[in-house]
Amino acid sequence: MPSLSAFENILVPLEIARAPDPTREARNLLEEVGLTDRAHHYPSQLSGGEQQRVAIARALANAPPILLADEPTGNLDSKTGAQVVDLLIEVNRRRRATVVLVTHDLELAQRADVTLSMRDGRTERIEAPAAAALPGAVARS
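Residues numbered from 1 in each chain as written. Predicted model: local features only at pLDDT ≥ 70, side-chain atom pairs only at ≥ 80, totals over all residues. Heavy atoms only, no water.

Q: Which residues make up the environment of Arg-58, and what values go with them?
A: Mapped onto the fold, Arg-58 is located in helix H3 (residues 48-60). Between the C-alpha atom of Arg-58 and that of Leu-11, which follows or precedes it by 47 residues, the distance is 7.8 Å. (Helix = DSSP H or I, 4+ residues; strand = E, 2+ residues; numbered from the N terminus.)

Q: Describe the pattern of salt bridges, with residues and values.
A: Summed over all chains, the structure comprises 6 salt bridges. Its salt-bridge partner being Glu-32, residue Arg-94 comes within 2.5 Å of it at the nearest N-O pair. Linking Arg-94 in helix H4 (residues 78-95) with Glu-32 in helix H2 (residues 22-32), this pair joins segments that are 62 residues apart in sequence. By relative accessible area, Arg-94 is classed as partly exposed at 43%. Of the charged contacts in the structure, one is a salt bridge between Arg-38 and Glu-50, with a shortest N-O distance of 3.2 Å. Linking Arg-38 in the loop between H2 and H3 with Glu-50 in helix H3, this pair joins segments that are 12 residues apart in sequence. Through salt bridges with shared partners, a single network forms among Glu-32, Glu-90, Arg-94 and Arg-95. (Salt bridge = Lys/Arg side-chain N within 4 Å of Asp/Glu carboxyl O. Buried < 20%, exposed > 50% of the residue type's maximum accessible area, 1.4 Å probe, protein only.)

Q: An account of the environment of Leu-46 is requested, with residue identities and associated values reported.
A: As for its placement among the helices and strands, Leu-46 is situated in the loop between H2 and H3. Sequence separation between Leu-46 and Ser-5 is 41 residues; the distance between their C-alpha atoms is 9.9 Å. Setting aside chain neighbours within four positions, we find Leu-46 in contact with Ala-6, Arg-38, His-41, Gln-51 and Val-54. (Contact = heavy atoms within 4.5 Å.)

Below is the structure:
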């Protein structure tokens, strides 16, 4: 939400869900995504990667068991994109949340535990590491 700071963007879903201590939880989420020092900046004052990290923190506000990410690195340079992916993988491991990641980036797909490939309108499941060698891998979970 462009009229809210990074902190406020994360705080809103916590308040809507009536979290016990939304302010503390919003601060914890900002710390988790490495943006404590950018808490009071507005989206227009944040880089694309920082905006993505705020979006991830906001998505994590209610501790979902599944996190859906559609082309989360699509508008980012490779270094920043890698940082966002590292964060999503860390969310997967630390929070034990399933991360479903849609991408056209084969290098990114190779980091997946499981890949799904779309071909001619059909989905097929392929277990890693064999999935890393297949073109068109598009999902992470």
